[in-house]
Protein chains: 2
Amino acid sequence: MQNTQATSASAARLDSAVEALKSLLGQRTSTAEVQREHHSHGESYHTPAMPDVVCYAHTTEEVSEIMKISAKYQVPVIAFGGGTSLEGHVNAVYGGISIDLREMNKILRVSAEDLDVTVEPGVTRQQLNKALNNTGLTFYVDPGGESTLGGMAATRASGTTTVRYGTMRETVLALTVVLADGRIIHTGTRARKSSAGYDLTRLFVGSEGTLGIITELTLRVYPQPEAVSAAVCSFPSIESAVKTVIETIQFGASVARIELLDDAQMDAINRYSKTNYPIAPTLFFEFHGSSDRHVTEQAEFVQSIAEEHGAKGFQWATLLEDRDKLWEARHAAYYASLALRPGSKGLVTDACVPISRLAECIEETLADNRNAPFPATLVGHVGDGNFHCIYVINPENEAELTEANRLAGRMATRALARGGTCTGEHGVGYGKMKYLEAEHGPALEVMRTIKRALDPDNRMNPGKMVII
Amino acid sequence: MQNTQATSASAARLDSAVEALKSLLGQRTSTAEVQREHHSHGESYHTPAMPDVVCYAHTTEEVSEIMKISAKYQVPVIAFGGGTSLEGHVNAVYGGISIDLREMNKILRVSAEDLDVTVEPGVTRQQLNKALNNTGLTFYVDPGGESTLGGMAATRASGTTTVRYGTMRETVLALTVVLADGRIIHTGTRARKSSAGYDLTRLFVGSEGTLGIITELTLRVYPQPEAVSAAVCSFPSIESAVKTVIETIQFGASVARIELLDDAQMDAINRYSKTNYPIAPTLFFEFHGSSDRHVTEQAEFVQSIAEEHGAKGFQWATLLEDRDKLWEARHAAYYASLALRPGSKGLVTDACVPISRLAECIEETLADNRNAPFPATLVGHVGDGNFHCIYVINPENEAELTEANRLAGRMATRALARGGTCTGEHGVGYGKMKYLEAEHGPALEVMRTIKRALDPDNRMNPGKMVII
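Keep in mind that this is a model prediction, so the values were computed, not measured.

Calculation rules
Residues numbered from 1 in each chain as written. Chains lettered and ligands numbered in written order. Predicted model: local features only at pLDDT ≥ 70, side-chain atom pairs only at ≥ 80, totals over all residues. Heavy atoms only, no water. Pairing = 2+ DSSP bridges. Helix = DSSP H or I, 4+ residues; strand = E, 2+ residues; numbered from the N terminus. Axes fitted to C-alpha atoms, helices over the stretch in contact; angles between N-to-C directions. Contact = heavy atoms within 4.5 Å. Expected span 1.5 Å × (residues − 1). Buried < 20%, exposed > 50% of the residue type's maximum accessible area, 1.4 Å probe, protein only. Least-squares fit on C-alpha atoms with pLDDT ≥ 70 in both. Buried area = accessible area lost by both parts, 1.4 Å probe. Salt bridge = Lys/Arg side-chain N within 4 Å of Asp/Glu carboxyl O. Polar contact = N/O pair within 3.5 Å; in protein donor to acceptor, adjacent residues only side chain to side chain. Nonpolar A, V, L, I, M, F, W, Y, C, P; charged D, E, K, R; others polar. Core = buried A, V, L, I, M, F, W, Y, C linked by side-chain atoms within 4.5 Å. Parallel < 35°, antiparallel > 145°, perpendicular 65-115°, else oblique. Left-handed = near helix turned anticlockwise from the far one by under 90°. Patch = residues over 30% accessible without salt bridge, like charges linked within 9 Å, V, L, I, M, F, W, Y side chains within 5 Å. Areas by Shrake-Rupley, 256 points an atom, 1.4 Å probe, with all protein chains shown as cover. Lys, Arg positive; Asp, Glu negative; His and termini not counted. Charge placed at Lys NZ, Arg CZ, Asp CG, Glu CD. Phe/Tyr/Trp six-rings, centres within 6.5 Å; stacked < 30°, edge-to-face > 60°. Lys NZ or Arg CZ within 6 Å of the ring centre and 35° of its normal.

A. Region of the structure containing the sheet that holds strand β6 (residues 116-119) of chain A. All names here are of chain A. The strand order β5-β6-β10-β8-β9 describes an open sheet built from 5 strands, whose pairing is antiparallel. Each edge of the open sheet is held by one strand with a lone partner, namely β5 (107-111) and β9 (184-187). Averaged over all neighbouring strand pairs, the angle between strand axes comes to 10 degrees, with direction disregarded. Both strand β8 (residues 172-178) and strand β10 (residues 213-220) contribute to a ladder of 6 bridges, which runs antiparallel. Within the sheet, the bridge partner assigned to Thr-176 lies in β10 and is Glu-216. On top of the sheet, helix α3 (residues 60-73) reaches β8, β9 and β10; it is set at about 45 degrees to β8, its chief contact.

B. Focus on helix α9 (residues 238-250) of chain B. Over its 13 residues, α9 of chain B runs 18 Å from end to end, which matches the ideal 18 Å to within 8%, given 1.5 Å per residue. For α9 of chain B, the complete set of buried residues consists of Ile-238, Ser-240, Ala-241, Val-242, Thr-244, Val-245, Ile-246, Thr-248 and Ile-249 of chain B. Considering only its buried residues, α9 of chain B is in contact with β11 (222-223) of chain A together with α6 (162-165), β13 (255-261), β14 (282-289), α11 (292-308) and α14 (358-370) of chain B. A positive backbone phi angle near 80 degrees is found at Gly-252 of chain B, which sits one or two residues after α9 of chain B.

C. Here's a closer look at helix α17 (residues 443-454) of chain B. End to end, α17 of chain B covers 17 Å across 12 residues, agreeing with the expected 16 Å (1.5 Å per residue, within 8%). Buried residues dominate α17 of chain B, accounting for 9 of its 12 residues. Summarising the contacts, the buried residues of α17 of chain B are in contact with β9, α8 (200-204) and α17 (443-454) of chain A together with α8 (200-204) and α16 (436-440) of chain B.

D. Quick look at the relation of the copies chain A and chain B. Overlaying chain A with chain B gives an RMSD of 0.0 Å, the required rotation being 180 degrees about an axis along which the chain moves by 0.0 Å. This pairing of chains is accounted for by a two-fold axis. Both copies present the same face, since 100% of the interface residues in chain A are matched by interface residues at the equivalent positions in chain B.

E. Region of the structure containing the interface of chain A and chain B. Between chain A and chain B, the contact holds 82 residues from the first and 82 residues from the second. The three residues of chain A that bury the most area against chain B are Lys-193, Ser-195 and Tyr-198 of chain A, which together make up 15% of that side's buried surface. At the junction of chain A and chain B, the tally comes to 6 salt bridges. Taken together, chain A and chain B are joined by 39 residue pairs in polar contact (both at pLDDT 80 or more). When residues of the side of chain A that touches chain B are traced back to their parent elements, those giving at least two are α7 (168-171), β9, α8, α9 (238-250), α11 (292-308), α16 (433-440) and α17 of chain A. Among the elements that make up the side of chain A that touches chain B, the one with the highest residue count is α17 of chain A (9 residues). Of the residues belonging to the side of chain A that touches chain B, the class tally is 31 nonpolar, 31 polar and 20 charged.

F. Region of interest: the nonpolar core. Formed by 140 residues in total, the largest nonpolar core has its most connected members in Phe-139 of chain A together with Phe-139 of chain B. Dropping the residues within four chain positions of it, Phe-139 of chain A is found in contact with Arg-125, Leu-128, Asn-129, Leu-132, Leu-149, Met-152, Met-168, Thr-171, Leu-219, Arg-220 and Val-221 of chain A. Listed in part, the 46 residues of the second largest apolar core include Val-245, Ala-372, Phe-374 and Ala-404 of chain A.

G. Region of interest: the packing of helix α1 (residues 11-25) of chain B against helix α3 (residues 60-73) of chain B. Residue and element names in this part refer to chain B. Two numbers describe how α1 lies on α3: the axes approach to 9 Å, and their chain directions differ by 160 degrees. As the angle between them shows, α1 and α3 are arranged roughly antiparallel. Note on packing geometry: the crossing formed by α1 with α3 is right-handed. Residues Arg-13, Ser-16, Ala-17, Ala-20, Leu-21, Leu-24 and Leu-25 of α1 touch α3, and the partners they reach there are Glu-62, Glu-65, Ile-66, Ile-69 and Tyr-73. Counted by class, the contact of α1 with α3 contains 8 nonpolar, 1 polar and 3 charged residues.

H. Region of interest: the side chain of Thr-201 of chain B. Tracing the sequence through the fold places Thr-201 of chain B in helix α8. Separated by 2.9 Å, the side chains of Thr-201 of chain B and Thr-187 of chain B make a polar contact.

I. Local environment of a negative patch on the surface. Together, Glu-321, Asp-322, Asp-324 and Glu-328 of chain A line one region of the surface with negative charge. Tracing the chain through its elements places Asp-324 of chain A in helix α12 (residues 320-331).

J. Spotlight on the packing of aromatic side chains. Tallied over the entire structure, the rule returns 18 aromatic pairs over all chains. For the pair Phe-251 of chain A and Phe-301 of chain A, a centre-to-centre distance of 3.7 Å together with 10 degrees between the ring planes defines the contact as stacked. Of this pair, Phe-251 of chain A sits in the loop between α9 and β13 (255-261) while Phe-301 of chain A is found in helix α11, placing the two residues 50 residues apart along the sequence. Judged by relative accessible area, Phe-251 of chain A falls into the buried class, the value being 10%. A relative accessible area of 34% means that Phe-301 of chain A is categorised as partly exposed. Centre to centre, the rings of Tyr-140 of chain B and Tyr-165 of chain B are 3.8 Å apart; their planes meet at 10 degrees, and the pair counts as stacked. You can see Tyr-140 of chain B sitting in the loop between β7 (137-138) and α5 (149-154) and its partner Tyr-165 of chain B sitting in helix α6, a full 25 residues away along the chain. Judged by its relative accessible area of 8%, Tyr-165 of chain B is buried. Three or more aromatic residues joined by ring pairs make a cluster, and in this case those are Tyr-140, Tyr-165 and Tyr-222 of chain A. Just above the ring of Trp-327 of chain B sits the side chain of Arg-257 of chain B; from NZ or CZ to the centre is 5.4 Å.

K. A look at the packing of α9 of chain A against α11 of chain A. Residues and elements named next belong to chain A. Relative to each other, α9 and α11 sit at 145 degrees, their axes nearing to 9 Å. Handedness of the crossing formed by α9 with α11: right-handed. Mapping the contact onto sequence places Thr-244, Glu-247 and Thr-248 in α9 and Val-302, Ile-305 and Ala-306 in α11. Taken together, the residues that form the contact of α9 with α11 break down as 3 nonpolar, 2 polar and 1 charged.

L. Quick look at the sheet that holds strand β5 (residues 107-111) of chain B. Residue and element names in this part refer to chain B. The 5 strands are arranged β5-β6-β10-β8-β9 in an open sheet whose pairing can be described as antiparallel. Whereas interior strands pair on both sides, the edge strands pair on one side only; in this sheet they are β5 and β9 (184-187). Averaged over all neighbouring strand pairs, the angle between strand axes comes to 10 degrees, with direction disregarded. Across 4 bridges, strand β6 (residues 116-119) lies against strand β10 (residues 213-220) in antiparallel orientation. Across the sheet, residue Asp-116 finds its bridge partner in β10, namely Arg-220. In the packing of α3 onto the sheet, the strands contacted are β8 (172-178), β9 and β10, and the crossing angle to β8 comes to about 45 degrees.

What follows is the structure, given as structure tokens:
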């Protein structure tokens, strides 16, 4: 936070801004400490930083007016969604206005013919899927937590289904964005593809509120598959599991999820979920297909690949109840890890590499983890080369936090050395800024050029992503 | 071409630039009229415009040096690939240097494990697929013609397989780009996904050489499907054909191609290819799947959907020979149209709309076509909502060209009114610039802001995409 150029509002300017916000939004403007505290952090260990004022926007036009107030009084603005950030994205490191967008939570349009929806940014994926319940459609991008779709677009989020359905990069068709000076723009159209100009949609997706504030999203949804099957099996090594993943994808199997869990994670799950899985590297699969026969064929084929690589105890499940039981165990991974150490908290890392380099990258990471002075588990969306460690630390113990951060840094650097990225899906916030020079080299300056061009006053989530 | 702010090189500066280019590249610099003429146009009717000098780059570093010469002497630069542009992208409307990149045609790396390749920009898709022949991999994006992959990325090209494999937007993982001042940057990584900063890869994809010159590309490739089947059938109306497409996609069929041809196009094909298809709106399908049984199931299911919508004469083909015969007819569509009128040339339009609006949009377009004073046929990558008319005009007749352009304009405007885009896959060049204000509104100014930030001298393909 040594950015001396970033805008910090003077007390006088700030007071004027708060007055203007109150006259715009009335009681939806708050300077109460409890509100400011709630908007000072996401779910990570980064030092909280309170905004000076919190306001709750209800319309794009209100967000535009707030940005004009920000411009007039030169006060920073931070967009706030579900508050599930893991890299300090929403912490108001220069104070200013936190715009909470969760009350912009209307689902504006659902089209079963076009397989798309238009929503406000405060809609969560859970809310969207509930609304889609009887339409035969599903929204698939699934980060953990009650994230908002606006926040997910802003961080280019993904999850377990990316191997088949893509990340928010592939999912967002069009956006409404409010710029630093309050201008409202619409990027993209409802057409599935276009060659009509610069891809502003993809520029704002992943820009973490540093270039504009997303106030409406048009998103792809998918038909619910006619048939689903799931499978789980354990492997003699990480390498054999990853080889199975590579061959499964090369075969072109209609796999919708492939999740890797290491032995420590499987042990944690057994203890937490009272299951009895082998304590070994384990893959969880889900296949989506056009008929029961089709998904059964897929599962059988993948079983034969897995067994060639030494897999044991291949179980597969087509009944909803059996699949749910299986995925319940996978979904409990985070809480199972925390339960290894009562009173602990999890520090979650995030890297992504070409899948051919995944096994070595994970093995080196596990070697690090073995020496850690706290429990450490590993899960991965391995179809994409993305994996996470959960460091189960005592939140009161500074030394543990330091060591967890050191290991996270080694993991990020290791991913970069393998042609990968320092963050597959969590984003930069300010936690990952230190790796961007190593990842992007001279391209980082181009990012700064774009930031300067679109936010010359540096009022949009200053101190995040790139320093100008 | 009324852009008075664009850089036009003075004679003295130009002479100095040519001298510098000759000392850099020797005989790979040419001011010969035949070379300049060849680099003055793509394959469209836009008025040719010759560059002052043509040079053939062999390395990224050479492109960087050329850009430094461009900067020093303030001479425009236009990147030139396969010369297949349909919207005047490569015409040197302010003269300057045409950098021909076709001799940068090495395939640098193929990874079957990661399903990706790295290539130089002058590699064509045909060359890449030939090189992939024995690897079990395929590159799928297939615009017509011998386009280069650099040019395809620069125009965000797509083709018949987009419904399953995406456009160049989804296909490009990483780029090497030379900027206006000669800086070389690398965007993206080989990781499948990343949340590490602004998506510069997607910014340069589709930027048509106006922000930087692509000198290396990392691209996704796909495993060849285990089984393929194809099918063709004719419909009582455009609407019934489009409804069949919508339901096919909603069903989640593993369809890799769905092509619509109107009755005029089918008539042209019958005459040209000596086939005997009904003269009616017709769909060609291709299914990619994991087994013969799987693709047969798909084809049978789609047959039942089609027949519900009144389709007749459903033929399906799983044998390679039969499939080839079927697709040969589809691929001959353009030449079949031209053969309707010996000595003619084709003016090809391009629009894309939400698929729910496709039938009405095509029907209105066909109503226009019926009054045209020349043959007009229609083909569409209808799984994406993308369609083209081929206006078969006499190239000597100005009135026909004017009328064809008027009809093309009506089609673009019609697409915009339906929430679509004025170009699905051909790009803007200078042919489609006139529609960008209507399509993007205030977002167009953001494109100008980005252009100004990255190319402040306006030397990179000036007079295209956006005017600054």
